[in-house]
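Observations on chain architecture
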Amino acid sequence: MSDSSGRPRLLIEEWLPVQAIGIECMRENSTGLHPPPNRLHVWWARKPLVASRAAVLASLLPADFDRDCFERLLGFYATGDRIVATANLLASKREGQWVEGGHGGRAFGNEILEKDLEAAHAAMRDLWGETPVVIDPMAGGGSIPLEAARLGLRVLANELNSVVCSILEVTVDYPFRFNEQLANRTRHWAQEWVARFDERLKSCYEYAGVVPPRDYIFARTVPCPDTGHPTPLVPDWSLSRPKGGPHIVAEPVITDREKGKWTIRVRKVGKEAGDLPKPPMPTYVRGKGISLFTGTVIPDDYIKAMAQSGRMGSVLYAVAVKATKLDFRPPEEADLRALEAAERELARLRPQWEREGIIPTEEYPEVSSDPRPRVY
């Protein structure tokens, strides 16, 4: 089978299991469940592994290659049932319903069967006269060369950015060169690093109770023009607003107006008993602030002047925790002690870090494509 130029038709020109690939790409992007390369280093526009493997394979295989074998090479098993199950699961989540169970491991983590790999290599040699070499001249995060290498192909990858070159070497070269030796040494030093981290920074992550904080939620502050107390600039007090789920907000509550003390109550917005009928009013709208203590409108020029003079601060006002589900609470004394400990440690280390260039200290340029850092 060939086109008008005599070039053989390729599988990618005839067919791809697009729906299955799309669903697997969504599963790869699930929060907290990203593939291992994504956790090594965050890189912009990193291609999903399953899509990269599909593109490489389908570009090298003939149009008449066995489609069931192709799907198994992608890590798809019982494809039709899996698509239906995943589509139903996604629809249920969009409607805010919890669905038990799942649909097996994600495609990129499933085993590549040796017999299928041999069939693919034989088809490539018949088509091209030899096993092709995959070249990616701008490899970026390395999804394409990694998946090509996992398919047993020779790969040449290049990048201009030095950071990416290191990522490529660690992602694509080292695992194949050092095998289990690398994995064992990585586990050893990961455990050592965690032990050192825990010992040195445990005071900076103090908390009461059993469940550690998952997220700390801060707001920028400026001195209230009337009272001088740091007042928060919050454009939206929402803490969680899932589609089809409950709208959870932080309701600010002043505890001592004279001393500028305030906290929050975690509330649900709705029509049931105990719900807030509507979200709290924001304290930052279109560049202008609203004092939490007096209700006075704070001009945008005042906010900019405070920031430029170093008087814009920050305040921890909510903490997210997750045991079985995501919950929120106001900061506790342990959280504030941990924050103070972190600030003291940073103050101790900062002079040395600045001398050694670990923290950049050069001025933001006066002429740039984005003037906002200097304005604010």
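In case you missed it, the structure is sitting above this.
Quick caveat: nothing in here was measured; it's all calculated off a predicted structure.

Regarding the sheet that holds strand S5 (residues 238–240)
Pairing is antiparallel across the open sheet formed by three strands, whose spatial order is S5-S6-S7. Every interior strand has two partners, whereas the edge strands, S5 and strand S7 (261–269), have only one. The mean inter-strand angle of the sheet, taken between neighbouring strand axes irrespective of direction, is 35 degrees. Of the strand pairs in this sheet, S5 and strand S6 (residues 247–256) are connected by two bridges, and their pairing is antiparallel. Paired with serine 240 across the bridge in S6 is isoleucine 248.

Some remarks on unusual backbone geometry
Excluding glycine, residues mostly carry a negative phi; peptide bonds, for their part, are mostly trans. In the Ramachandran plot, asparagine 179 falls in the positive-phi region, its phi being about 55 degrees despite a non-glycine side chain. Here asparagine 179 is to be found in helix H9 (residues 162–201). Phi at arginine 286 takes a positive value of approximately 50 degrees, unusual for a residue other than glycine. Relative to the helices and strands, arginine 286 is located in the loop between strand S8 (284–285) and strand S9 (288–290). Assessed through its relative accessible area of 81%, arginine 286 is described here as exposed.

With respect to the pairing of strand S3 (residues 213–223)
The pairing of S3 with strand S11 (residues 313–322) spans eight bridges and is classified as antiparallel. Bridge pairing in S11 links threonine 221 to glycine 313. Here S3 runs beside strand S4 (residues 230–233); their pairing, made up of four bridges, is antiparallel. When the bridges of S4 are listed, proline 223 appears paired with proline 230. Count of turn residues in the S3/S4 antiparallel hairpin: six residues, of which glycine 228 carries a positive phi of about 85 degrees.

Comments concerning the sheet that holds S9
Pairing in this open sheet of three strands is antiparallel, and the strands run S8-S9-S10 from one edge to the other. One side of each edge strand has no neighbouring strand; the edge strands of this open sheet are S8 and strand S10 (297–298). One ladder, built from two bridges, connects S8 with S9; its direction is antiparallel. Within the sheet, the bridge partner assigned to valine 285 lies in S9 and is lysine 288.

Quick word on helix H11 (residues 333–355)
In a regular helix each residue adds 1.5 Å, so 23 residues correspond to 33 Å; H11 covers 34 Å between its end C-alpha atoms and thus fits that length. Within H11, the axis deviates most sharply at leucine 349, by approximately 40 degrees, and proline proline 351 lies no more than four positions further along. For H11, the full list of buried residues reads Ala334, Asp335, Ala338, Ala341, Glu345 and Leu349. In the core, the buried residues of H11 are packed alongside H9, S3, S11 and strand S12 (326–329). In the stretch just after H11, glycine 357 is the one whose phi turns positive, near 75 degrees.

Here we look at the pattern of salt bridges
Per the counting criterion, the structure on display carries 23 salt bridges. Across the pair arginine 196 and glutamate 192 runs a salt bridge whose closest N-O atoms are separated by 2.9 Å. On the criterion of helical spacing, the pair formed by arginine 196 and glutamate 192 is a turn pair, its members being four residues apart in helix H9. The salt bridge partner of lysine 202 is glutamate 199, with a shortest N-O separation of 3.6 Å.

Rules of the game
Residues numbered from 1 in each chain as written. Predicted model: local features only at pLDDT ≥ 70, side-chain atom pairs only at ≥ 80, totals over all residues. Heavy atoms only, no water. Pairing = 2+ DSSP bridges. Helix = DSSP H or I, 4+ residues; strand = E, 2+ residues; numbered from the N terminus. Axes fitted to C-alpha atoms, helices over the stretch in contact; angles between N-to-C directions. Buried < 20%, exposed > 50% of the residue type's maximum accessible area, 1.4 Å probe, protein only. Expected span 1.5 Å × (residues − 1). Bend = angle between axes of the 7 residues up to and from the residue. Contact = heavy atoms within 4.5 Å. Salt bridge = Lys/Arg side-chain N within 4 Å of Asp/Glu carboxyl O.

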